[in-house]
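# Close look at the chain arrangement
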Amino acid sequence: MMKRDRYGGQRWAVPVLVLLSLITLLAAASFGAADISFGDVFALVLQNTFGVGSLGVTEVSGVAERIVMELRFPRILLAFIAGAGLSVAGSVLQTVTRNPLADPYLFGISSGASFGAVVVITLFTGSGLTGLLSWISLPLGAFLGAGVSVIMVLALCGRNMGSQIERMLLSGVAISFMFGALTSLLLYFSSPAAAASVLFWSLGSFAKASWEGLLPPAIVVCVCSTVILLFKRQIMAMRAGDETAHTLGINVSRLRLQMLMLCSLITAILVANCGGIGFVGLMVPHTVRLLLPGRFPLITTALVGGLFMVWVDVLARSILSSQELPVGIITAVIGSVFFLVILGSRR
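Residues numbered from 1 in each chain as written. Predicted model: local features only at pLDDT ≥ 70, side-chain atom pairs only at ≥ 80, totals over all residues. Heavy atoms only, no water.

### Points about empty space enclosed by the protein
In this approach, a probe sized like a water molecule rolls over the atoms, and the result shows the empty space that is left. One pass over the full model with this rule turns up one cavity of 30 Å³ or more. By volume, the largest cavity amounts to about 40 Å³. Of all the elements in the fold, those that place two or more residues in the lining of the largest cavity are helix 4 (62-96) and helix 12 (252-274). When residues of the lining of the largest cavity are assigned to their parent elements, the largest contribution, three residues, is made by helix 12. Partitioned by chemical class, the residues of the lining of the largest cavity number six nonpolar, three polar and no charged. (1 Å grid on protein atoms, 1.4 Å probe; cavity = no way out; pocket = protein on both sides within 12 Å on 5 of 7 lines; lining within 4 Å. Points joined across faces, edges and corners; volume = space filled by probe spheres on them. Helix = DSSP H or I, 4+ residues; strand = E, 2+ residues; numbered from the N terminus. Nonpolar A, V, L, I, M, F, W, Y, C, P; charged D, E, K, R; others polar.)

### Describing the pattern of salt bridges
Counted according to the given criterion, the structure contains four salt bridges. One salt bridge in this structure joins Arg66 and Glu70, with 3.7 Å as the shortest N-O distance. Highlighted residues: Arg66 and Glu70, both in helix 4, separated by four residues, approximately one helical turn. The class of Glu70 is partly exposed, set by a relative accessible area of 43%. In this structure, Asp313 engages Arg317 in a salt bridge whose closest nitrogen and oxygen atoms are separated by 3.3 Å. Taken together, the residues Asp313 and Arg317, both in helix 14 (residues 298-318) and four residues apart, mark about one turn of the helix. Residue classification places Asp313 among the buried positions, given a relative accessible area of 1%. Judged by its relative accessible area of 14%, Arg317 falls in the buried class. Beyond isolated ion pairs, a larger network of salt bridges with shared partners links Arg75, Asp313, Arg317 and Glu324. (Salt bridge = Lys/Arg side-chain N within 4 Å of Asp/Glu carboxyl O. Buried < 20%, exposed > 50% of the residue type's maximum accessible area, 1.4 Å probe, protein only.)

### Points about the side chain of Thr300
Considering the arrangement of structural elements, one finds Thr300 in helix 14. A residue is classified by how much of its surface remains accessible, and Thr300, at 2% relative accessible area, is buried. In this structure Thr300 touches Ala13, Val14, Leu17, Val288 and Leu292, once residues within four positions along its chain are discounted. (Contact = heavy atoms within 4.5 Å.)

### Remarks on helix 12
Across its 23 residues, helix 12 extends 32 Å between first and last C-alpha, which sits within 8% of the 33 Å expected from 1.5 Å per residue. In the stretch just after helix 12, Gly275 is the one whose phi turns positive, near 85°. (Expected span 1.5 Å × (residues − 1).)

### Brief notes about helix 2 (residues 38-49)
For helix 2, with 12 residues, the first-to-last C-alpha span of 17 Å sits near the 16 Å given by 1.5 Å per residue. Among the residues making up helix 2, those that are buried are Val41, Ala43, Leu44, Leu46 and Gln47.

### Description of the environment of Phe339
Relative to the helices and strands, Phe339 is located in helix 15 (residues 327-345). The spatial distance from the C-alpha of Phe339 to the C-alpha of Leu101 is 7.6 Å, given a sequence separation of 238 residues.

### Things to note about a nonpolar patch on the surface
Judged by side-chain polarity, Trp12, Val16, Leu19, Leu20 and Ile23 come together as a nonpolar surface patch covering roughly 450 Å² of accessible area. Topologically, Leu20 is positioned in helix 1 (residues 13-28). (Patch = residues over 30% accessible without salt bridge, like charges linked within 9 Å, V, L, I, M, F, W, Y side chains within 5 Å. Areas by Shrake-Rupley, 256 points an atom, 1.4 Å probe, with all protein chains shown as cover.)

### Some thoughts on unusual backbone geometry
Backbone geometry places Arg98, a non-glycine residue, at a positive phi of 55°. You can see Arg98 is positioned in the loop between helix 4 and helix 5 (109-124). Assessed through its relative accessible area of 33%, Arg98 is described here as partly exposed. Even without being a glycine, Phe279 presents a positive backbone phi close to 75°.

### What about the layout of surface pockets?
Its volume calculated, the largest pocket comes out at about 790 Å³. Together, 28 residues line the largest pocket, and Leu138, Pro139, Trp201, Ala272 and Asn273 are the ones closest to its centre. Of all the secondary structure elements, the ones that give two or more residues to the lining of the largest pocket are helix 6 (131-157), helix 8 (192-202), helix 9 (211-230) and helix 12. Ranked by residues supplied to the lining of the largest pocket, first place goes to helix 6 with seven residues. Class assignment of the residues belonging to the lining of the largest pocket gives a composition of 19 nonpolar, seven polar and two charged. Reported here for the second largest pocket is a volume of approximately 570 Å³. Together, 24 residues line the second largest pocket, and Tyr105, Ser111, Ser176, Gly180 and Ser202 are the ones closest to its centre. Elements with a contribution of two residues or more to the lining of the second largest pocket: helix 5, helix 7 (165-189), helix 8 and helix 15. In terms of residue count, helix 7 provides more of the lining of the second largest pocket than any other element does, eight residues in total. Residues that form the lining of the second largest pocket fall into these classes: 13 nonpolar, 11 polar and no charged.

### So, the packing of aromatic side chains
If you walk through the whole model with that rule in mind, you get four aromatic pairs. Taking the centre distance of 6.0 Å and the plane angle of 85° together, the rings of Phe31 and Trp311 count as edge-to-face. Residue Phe31 is found in the loop between helix 1 and helix 2, and its partner Trp311 is found in helix 14; the two are separated by 280 residues along the sequence. The class of Phe31 is partly exposed, set by a relative accessible area of 36%. Assessed through its relative accessible area of 35%, Trp311 is described here as partly exposed. (Phe/Tyr/Trp six-rings, centres within 6.5 Å; stacked < 30°, edge-to-face > 60°.)

Pasting the structure below:
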């Protein structure tokens, strides 16, 4: 019988997923409008890491180097961070709410974050914000919107959340529609250029990724995931029910609110950088629990989510020859089918 690691999966799962992630980083960089082979990408990595002369690798052209190092690698890393963060948020939401259908998108968090970000874009862009305030205004607006949506869902569900799974889901969907309508209202009164830009951004895209822009989402996702791991035992106790967790000395209401706010922070920073990408937090945790059953496989969930999002982004920029398809459209198509399957399997 295979030994299991402390995070719930087989001992080999994490090393294999890390290796696949490194291979994916190189393989995904070879896809795009410009034809750059996997060997050229590998040569570029060696050039920038070790130098060409010492390893005898054929030098790649400067144009290919700029495409790979300045355009594709930041985009791939942002896609990986987004997939990992949304998957972690979905896994935590499903655990602390005991709702297998919980997801930042279905829970209304993504819509609230999108509304907060659109408020900043349409009302405060060009209003004279400078310095640090200009840099944090978009993530801050997204976080405030996400936080408001979480508070509204909790208020609608009441105190006994564990026995109101369907009500929680319906509350999240209703709040998602409400924030979607408010976002549409803002876009209606904005300029056509701003509306078109926000519309493409809201569907999810990594096209504007840069090395400088990677730092905030990477820090937020890593710090929040670390905090969640520190509370792993308390979160797992909530799976048995609120009463059981209370008997173990856990302040269930406070822990649930803390975890929901951490998930809101992860979702907000990703929405501010990538737009709205739905259903990733629903699909990946269920898939990981099915393939690698365990108590709380948070690390494997993050790695699988990152891999999934990278290849979805590759599909988005490769499926059409003349233009790029928004990432959110692909995840919505796959996720809606997955959602119906999960919903149909519930008695």
